[in-house]
Amino acid sequence: MTGRPRGAGHRCRTGRDADRRAGGGRAVAGRGRGAGHERGGSAQARGDGARPAGEHGGATVCLLAVGLAFVMVGLFGAAVGAARTARQQARVAADFGALAGAGQALLGEPAACGRAAEIAGANGGRLLACRLDGLDLLVTAEVAVTPLPGLARVATASARAGPVRG
């Protein structure tokens, strides 16, 4: 043992706690309030921070479920926003590509489609199809989007540009 006198630094044991320790066994069920607890009494009366009987963390689980629902709604909203932005970017790339290519329509399809591909690329898109129909240029452009990690999609748009007909 240590050099301190017996019982020094220990709290005084009284009542049920002393009976339990003296007998060396567990508290007998059915004796007073909080029966069945090894230390006896309710958690609030003991002051040891344990949960009172009947509380099993249900509110914590509900709070986590609500938090997860908010995160999922936020991710869904971000994915929808990214897809809408990509669709608009594809429309802009196709429109501007068609307008720029239509200005080169008199030089032939290779020149018009080359200019359309250049402008579509400058606007974040990629030219998929280009066709000269008389003096009208038909352009299809695509923009790749990753709305969520591991989920890659493509937004596609088409445009037509040419001289005004009266």
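Preceding this paragraph is the structure being described.
Because the structure is a prediction, the values reported are computed rather than measured. (Residues numbered from 1 in each chain as written. Predicted model: local features only at pLDDT ≥ 70, side-chain atom pairs only at ≥ 80, totals over all residues. Heavy atoms only, no water.)

K.L.:
Quick one: what's the story with the pairing of strand β1 (residues 126-133), residue by residue and with numbers?
P.N.:
Bridge count between β1 and strand β2 (residues 136-148): seven bridges; the pairing is antiparallel. Across the sheet, the residue bridging to R126 is E142, located in β2. (Pairing = 2+ DSSP bridges. Helix = DSSP H or I, 4+ residues; strand = E, 2+ residues; numbered from the N terminus.)

K.L.:
Explain the nonpolar core to me, using residue names and the numbers behind them.
P.N.:
The biggest cluster of nonpolar side chains holds 20 residues, and the ones touching the most others in it are A86, A90, A94, A98, C130, L137 and V139. Every element with two or more residues in this core is listed here: α3 (58-102), α4 (109-122), β2 and β3 (151-161). Looking at this core, the element that brings in the most residues is α3, giving six residues. Other than its neighbours up to four places away in sequence, A94 contacts V139, A141, A157, S158 and A159. (Core = buried A, V, L, I, M, F, W, Y, C linked by side-chain atoms within 4.5 Å. Buried < 20%, exposed > 50% of the residue type's maximum accessible area, 1.4 Å probe, protein only. Contact = heavy atoms within 4.5 Å.)

K.L.:
Got a sec to walk through α3? Specific residues and values, please.
P.N.:
Along its 45 residues, α3 runs 66 Å from first to last C-alpha, staying within 8% of the 66 Å computed at 1.5 Å per residue. Next to the buried residues of α3 lie α4, β2 and β3. (Expected span 1.5 Å × (residues − 1).)

K.L.:
Quick rundown of the pairing of β2? Include the residues and the values.
P.N.:
Taken across its 13 residues, β2 has ten buried, putting it largely inside the fold. Connecting the antiparallel pair β1 and β2 is a turn made up of two residues, with G134 showing a positive phi of about 70°. One ladder, built from ten bridges, connects β2 with β3; its direction is antiparallel. Its bridge partner being in β3, A141 is matched across the sheet by A157. The turn linking β2 back onto β3 is made up of two residues, and G150 within it adopts a positive phi angle of 85°.

K.L.:
Mind laying out the packing of α3 against α4, listing which residues take part and the relevant values?
P.N.:
With their axes 7 Å apart at the nearest point, α3 and α4 run at an angle of 145° to one another. At the point where α3 passes α4, the crossing takes the right-handed sense. Across from A93, F96, G97, A100 and G101 in α3, the residues of α4 making contact are A112, R115, A116, I119 and A120. Of the residues that constitute the contact of α3 with α4, the class distribution is seven nonpolar, two polar and one charged. (Axes fitted to C-alpha atoms, helices over the stretch in contact; angles between N-to-C directions. Left-handed = near helix turned anticlockwise from the far one by under 90°. Nonpolar A, V, L, I, M, F, W, Y, C, P; charged D, E, K, R; others polar.)

K.L.:
Please set out the pattern of salt bridges residue by residue, giving values where relevant.
P.N.:
Within this structure, the stated rule accounts for five salt bridges. One salt bridge in this structure joins R126 and E142, with 2.4 Å as the shortest N-O distance. With a gap of 16 residues between them, R126 in strand β1 and E142 in strand β2 connect regions that are remote in the sequence. Residue E142 is classed as buried on the basis of its relative accessible area of 16%. The residue D136 makes a salt bridge to R165 at a minimum N-O spacing of 3.1 Å. A residue pair is termed long-range when its members are at least 10 positions apart, and D136 in strand β2 and R165 in the segment after β3 qualify at 29 residues. Linked by salt bridges that have partners in common, D133, D136, R160 and R165 make up one network. (Salt bridge = Lys/Arg side-chain N within 4 Å of Asp/Glu carboxyl O.)

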